[in-house]
Amino acid sequence: MRLIRKYIKWLVIFFFGSTVLSVAAYRYVPVYVTPLMVIRAFSPKGSEKQMDRERHWQHHWVSGEEISPWMAKAVVASEDANFHSHSGFDFREIKKAIEENRSGRRQRGASTISQQTAKNVFLWPGHSWIRKGLETYFTVLIELLWSKERIMEVYLNSIEMGGGIYGVEAAARYYFNTSAAKLSKRQCILIAVSLPAPLKFDPARPSKYLRRRADTISKYI
C-alpha cells in the first residue's frame, strides 16, 4: 500500500506539473498541431476528396496582428458574446442551455471560446465526464495563465473550419483565396457562423440559413 500511495503521489505531481508547464509554454509558443488534427488524419470519413484533405491537413499559424480585426469580433458575436467579461465559463448561458434542454427544445451548447480553446489544444473530441472534467481544468488554467488576446489568437489558429482546414489563415486561403489579414467583414462573419458545423457549412457558398445568420450577426459588430 505504501508503494501504491507513492506511485499515485508521483503520478499526481507529474500530471499537474506537466499540464501547468504545457499551458505556460503555449502562452508564448505557437500551436502547430492539435489532437483533433491527428485524430482526423488517421480516422478520415466521407468522400475520397474529403479524406485526402483530412490526411493532409491545412494549417498555417499567424499572429493576432496578421488576422483581420473583424474575425475576433465576428466569433465573439456568433459564439461567445460575453467572452471579454467572463472568466472562462458563461454561467448564464449554461443555465439557459440546461433549461432549454429540459423543456425538450432544440439542444444548444454553452461552451465559451475559452472552453473550446482548451478542448481543441489539449484534449480529444467526445462527451465523456472525464473529458469534460479535463476541459474544465484546462479552461481554468488558460484563463489564469493567458490573456484574453492570447486565448483568441490560439482559438482562431486552431479551430476546425472545414474538412482538413484548421485556423483562419488556412480558411481564408481555401475559401476566399486571400489571407487572414485581408478578410473582409462579411467573409469573417460567414466563417464565424459556420463554426458550429464546419464540416457541413461552406462559407464561400453559404446556404440561405448561413446568410440569414450572417445578416443577424452583422448587426452586432
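Everything below is about the structure printed above this text.
The structure displayed is predicted, hence computed values, not measured ones. (Residues numbered from 1 in each chain as written. Predicted model: local features only at pLDDT ≥ 70, side-chain atom pairs only at ≥ 80, totals over all residues. Heavy atoms only, no water.)

### Description of the sheet that holds strand β3 (residues 165–166)
Now for step 1: The strand order across the open sheet formed by three strands is β1-β3-β2, and the pairing between neighbours is mixed. Every other strand in the sheet has two partners, leaving β1 (58–59) and β2 (160–162) as the edge strands with one partner each.
Now for step 2: In the sheet, β1 pairs with β3 via two bridges, with the strands oriented parallel. The partner of Q58 across the bridge, within β3, is I165. (Pairing = 2+ DSSP bridges. Helix = DSSP H or I, 4+ residues; strand = E, 2+ residues; numbered from the N terminus.)

### Section: the environment of V23
Now for step 1: Structurally, V23 can be placed in helix α1 (residues 2–25).
Now for step 2: The class for V23 is buried, based on a relative accessible area of 0%.
Now for step 3: As a C-alpha pair, V23 and L141 span 118 residues in sequence and 7.0 Å in three-dimensional space.
Now for step 4: Excluding residues that lie within four positions of it along the chain, V23 makes contacts with F122, F138, L141, I142, L145 and W146. (Buried < 20%, exposed > 50% of the residue type's maximum accessible area, 1.4 Å probe, protein only. Contact = heavy atoms within 4.5 Å.)

### Focus: unusual backbone geometry
Now for step 1: The backbone of N177 sits at a positive phi, close to 55°, despite the residue not being glycine.
Now for step 2: Along the polypeptide, N177 turns up in the loop between α9 (168–176) and α10 (185–194).
Now for step 3: Classification of N177 by relative accessible area gives exposed; the value is 72%.

### So, α10
Now for step 1: Extensive coverage of α10 is indicated by the burial of seven of its 10 residues.
Now for step 2: In this structure, the buried residues of α10 make contact with α4 (69–79), β2, α9 and α11 (208–218).

### Here we look at the nonpolar core
Now for step 1: One finds M71 and V75 to be the most contacted residues of the largest nonpolar core, which totals 48 residues.
Now for step 2: If you list the elements that add at least two residues to this core, you get α4, α6 (113–122), α7 (129–145), α8 (148–158), α9, α10 and α11.
Now for step 3: With residues up to four places along the chain from it excluded, the contact list for V75 reads D80, I113, M152, Y155, L156, A192 and L195. (Core = buried A, V, L, I, M, F, W, Y, C linked by side-chain atoms within 4.5 Å.)

### Brief notes about the layout of surface pockets
Now for step 1: A volume near 300 Å³ is recorded for the second largest pocket.
Now for step 2: G64, A72, E149, M152 and E153 are the residues nearest the centre of the second largest pocket, which is lined by 15 residues in total.
Now for step 3: Elements with a contribution of two residues or more to the lining of the second largest pocket: α4 and α8.
Now for step 4: Here the element with the most residues in the lining of the second largest pocket is α8; it accounts for five residues.
Now for step 5: When the residues that make up the lining of the second largest pocket are grouped by side-chain class, the tally is seven nonpolar, four polar and four charged. (1 Å grid on protein atoms, 1.4 Å probe; cavity = no way out; pocket = protein on both sides within 12 Å on 5 of 7 lines; lining within 4 Å. Points joined across faces, edges and corners; volume = space filled by probe spheres on them. Nonpolar A, V, L, I, M, F, W, Y, C, P; charged D, E, K, R; others polar.)

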